[in-house]
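Observations on the three-dimensional arrangement
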Amino acid sequence: MQIQVNTDHNVHGGEGLATYVKTDLENSLSRFGGWLTRVEVHLSDNGGAKAEDKKCVIEARPGGKQPVTVTHHAATVDEAYAGAAHKVRSVLDSQYSRAHDHKGSPSIRHMEAPENPDQVGVIESETQATGSH
């Protein structure tokens, strides 16, 4: 999983901020590692008079699926990142679970083929009854 961090000219923190974000995302999204190909983080400061003028946009790209994009506005860059990171984990967890686990069992898309296709749908007692003749 490749992680890219972008900041606008109003966001201060440099390499330290980028390293923190990369490390945090690697740890928090590690369970999706084989599924995600790339994660992009965009941190910006609108510099306006609003209390919540810092923004974090995180775009996660699962292999073979549409990208997932979340946005969070906050008063500080750290809060904006934390909110967006929480949102992206939640969305990815939901999508990953739907794709890989259905009601506590494997999805039919990921089930192995039966050993004997002729026996699919045959009740076990029927096979014993026909086998004893």
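What counts as what
- Residues numbered from 1 in each chain as written.
- Predicted model: local features only at pLDDT ≥ 70, side-chain atom pairs only at ≥ 80, totals over all residues.
- Heavy atoms only, no water.
- Helix = DSSP H or I, 4+ residues; strand = E, 2+ residues; numbered from the N terminus.
- Buried < 20%, exposed > 50% of the residue type's maximum accessible area, 1.4 Å probe, protein only.
- Contact = heavy atoms within 4.5 Å.
- Areas by Shrake-Rupley, 256 points an atom, 1.4 Å probe, with all protein chains shown as cover.
- Core = buried A, V, L, I, M, F, W, Y, C linked by side-chain atoms within 4.5 Å.
- Salt bridge = Lys/Arg side-chain N within 4 Å of Asp/Glu carboxyl O.
- Pairing = 2+ DSSP bridges.

**Here we look at the overall build of the protein**
Of the regular secondary structure elements, the protein holds three helices and four strands. Secondary structure elements in the protein, listed N-terminal to C-terminal, are β-α-β-β-β-α-α. Expressed as a percentage of its 133 residues, the buried residues of the protein come to 29%. Contacts spanning at least 24 positions in sequence make up 46% of the contacts within the protein whose residues lie at least 6 apart. For the protein, the exposed surface amounts to about 8,800 Å²; the carbon and sulfur share of it is 49%.

**What about the nonpolar core?**
If you look at the biggest cluster of nonpolar residues, it comprises 28 residues, and the most contacted ones within it are V39, V41, L43, I58 and L92. Counting residues per element, this core draws most heavily on helix α2 (residues 77–100), at eight residues. In contact with V41, other than residues within four places in its own chain, are Q4, V5, N6, V21, L25, C56, V57 and I58.

**Some remarks on the environment of V21**
Tracing the backbone through its elements, the reader meets V21 in helix α1 (residues 14–28). For V21, a relative accessible area of 1% corresponds to the buried category. Sequence-distant contacts of V21, defined by excluding residues within four places in its chain, comprise V5, V41 and Y81.

**Observations regarding the pattern of salt bridges**
Where charged atoms of side chains with opposite charge meet at close range, the side chains can pair. For the structure shown, the criterion picks out six salt bridges. Two residues, K54 and D45, come together in a salt bridge whose shortest N-O distance is 3.6 Å. Residue classification places K54 among the buried positions, given a relative accessible area of 16%. Using a relative accessible area of 12% as the deciding quantity, one classes D45 as buried. A network of salt bridges, in which partner residues are shared, links R38, E40, E59 and R61.

**Here's the deal with the pairing of strand β3 (residues 54–62)**
Moving residue by residue along a regular strand, the side chains alternate between the two faces of the sheet. β3 sits mainly inside the fold: seven of its nine residues count as buried. By the bridge criterion, nine bridges tie strand β2 (residues 36–45) to β3 in an arrangement that is antiparallel. Bridging from a neighbouring strand, R38 pairs with R61 of β3. Bridge count between β3 and strand β4 (residues 68–74): seven bridges; the pairing is antiparallel. Within the sheet, the bridge partner assigned to K54 lies in β4 and is A74. Between β3 and the antiparallel strand that follows it, β4, lie five residues; G64 among them carries a positive phi value of about 75 degrees.

These values are about where atoms sit, not about what they do.
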